[in-house]
Amino acid sequence: MRELREMRLALVLTTLSLLFLVSNGLVTSRFLQRISHGSNFLTTDELWFNQTLDHFSPLDHRKFQQRYYEFTDYFRLPDGPIFLKICGESSCDGIANDYIGVLAKKFGAAVVSLEHRYYGKSSPFKSLRTENLKYLSSKQALSDLAVFRQYYQESLNMKVNRSNVENSWFFFGVSYSGALSAWFRLKFPHLTCGSLASSAVVLAVYNFIEFDHQIGESAGAECKAALQEVNGLVEQRLALDGYAVKSLFGAANLKIDGDFLYLLADAAAIAFQYGNPDRLCSPLVQAKKDGEDLVNAFATYVKGYYLGSFGTNVETYNQQHLKRTNSAGDTSDRLWWFQVCTEVAYFQVAPSDDSLRSSKIDTKYHLDLCKNVFGEGIYPDVDATNIYYGGTKIAAF
């Protein structure tokens, strides 16, 4: 019976994985962490355990407190499955009440969730200066998951007065945490029966021009032409009076032009990635037809939607903000950019032709950002990442 339940659950996970991959195939390094977690939680009760700081050093025995959550209301003791929901590149504030809760109720599963090292309240250091970030990597995070999985399994065995018994573990993740879910299955196949890797960014890409190509296709001819015209007009105004045009968009504090232009590129892309193209395209296309100021129309959208209801903070794009090393407050921007600048890149550079973003957002802009924020010698070794994990040729078990 247990084997039959595992087969049924694996089939459900496979189906869900395909649905998510089809419906949410885009990715952007600037707002990977902005995928909505919802406002309803199964639990927000914090739990803690001592995690190893460096899993790859036999001499370093330092530990740090890592936050996790558990929800056992649906758990079928003692042999029900355990769902591990991987928290990614942001603070983990609980277990969201989403489809995983539905699956947990159906299959009698416990749900646990581990906060990613360095993010939220799971920072090993008070200072996030570059030298202290050397333990922030996907490899260390995967080992965190393995150690936690063993810790929780042993704790459960003690509670039910048994030993050397393994529940069926299934891992869940989306986007970057989706990649972690897939990579965990690859690197620790003996510790999980299956992984759901939704929109998993398993292939590290240096210059990700395909992102703009997809946005252009999604926009359609009229909206695409309007956006390209806006880009040209904004660049002209930047050359004449940078402060005035940045103020128009509510971004006067962005001193580096590339940071401002990146904000505008993301603001446009988000309308398509999150299924709201009309919020952007309808007013732009109408303004173009009516001979109105396209820059003003775009600024209204950016301030009202991207910086307004969507909730983006302009400081996310400010390199001075990214250089902040105090671990207090929301540090996910600096932390994720460190992972971008060392492992996965996804540099969303402007394609050489027919681009929807400014040509100033090029490889040099990204490498300069990495150097300015983290210092000399910081760059993404995407080849090493893809060799280690397999890229799109990731093995299946």
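So, here's what we can say about the structure. (Residues numbered from 1 in each chain as written. Predicted model: local features only at pLDDT ≥ 70, side-chain atom pairs only at ≥ 80, totals over all residues. Heavy atoms only, no water.)

Under the definition given, this model contains 3 disulfides. Covalent S-S linkage joins Cys-223 and Cys-281, the inter-sulfur distance amounting to 2.1 Å. Looking along the S-S bond of the Cys-223-Cys-281 disulfide, the torsion reads about -80°, which is the left-handed sense. Separated by 58 residues along the polypeptide, Cys-223 in helix α5 (residues 210-248) and Cys-281 in helix α7 (residues 277-290) bring together distant segments of the chain. (Disulfide = S-S within 2.5 Å. Helix = DSSP H or I, 4+ residues; strand = E, 2+ residues; numbered from the N terminus.)

What tends to happen in soluble globular proteins is that the nonpolar side chains get buried as a cluster. Among the nonpolar cores identified, the biggest contains 105 residues, and Val-234, Phe-249, Phe-260 and Phe-298 are the most heavily contacted of them. At 12 residues, the largest contribution of residues to this core is made by helix α6 (residues 257-273). In contact with Phe-260, not counting residues within four places along its chain, are Val-234, Leu-238, Val-245, Lys-246, Phe-249, Ala-251 and Leu-254. Of all hydrophobic cores here, the second largest spans 16 residues; its members include Ile-95, Leu-103, Ala-109 and Phe-172. (Core = buried A, V, L, I, M, F, W, Y, C linked by side-chain atoms within 4.5 Å. Buried < 20%, exposed > 50% of the residue type's maximum accessible area, 1.4 Å probe, protein only. Contact = heavy atoms within 4.5 Å.)

Contact pair α5 / α6: the axes reach a minimum separation of 10 Å and the direction vectors enclose 150°. When the axes of α5 and α6 are compared, the pair comes out roughly antiparallel. Handedness of the crossing formed by α5 with α6: right-handed. Within the contact between the two elements, α5 uses Phe-211, Ile-215, Ser-218, Ala-219, Cys-223, Leu-227, Val-234, Leu-238, Val-245 and Lys-246 and α6 uses Asp-257, Phe-260, Leu-261, Leu-264, Ala-268, Ala-269, Phe-272 and Gln-273. (Axes fitted to C-alpha atoms, helices over the stretch in contact; angles between N-to-C directions. Parallel < 35°, antiparallel > 145°, perpendicular 65-115°, else oblique. Left-handed = near helix turned anticlockwise from the far one by under 90°.)

A separate point is helix α12 (residues 382-389). Listed as buried for α12 are Val-382, Thr-385, Asn-386 and Tyr-389. One side of α12 carries all its buried residues, which in axial view fall inside an arc of 90°. α12 presents Asp-383 and Ile-387 as exposed residues on the side facing more than 90 degrees away from its buried surface. Where α12 is buried, its residues meet α3 (138-159), α4 (176-187), β9 (205-207), α10 (332-344) and β10 (345-347). Once α12 finishes, Gly-390 follows within two positions and takes phi at roughly 100°, a positive value. (Arc of directions from axis to C-beta.)

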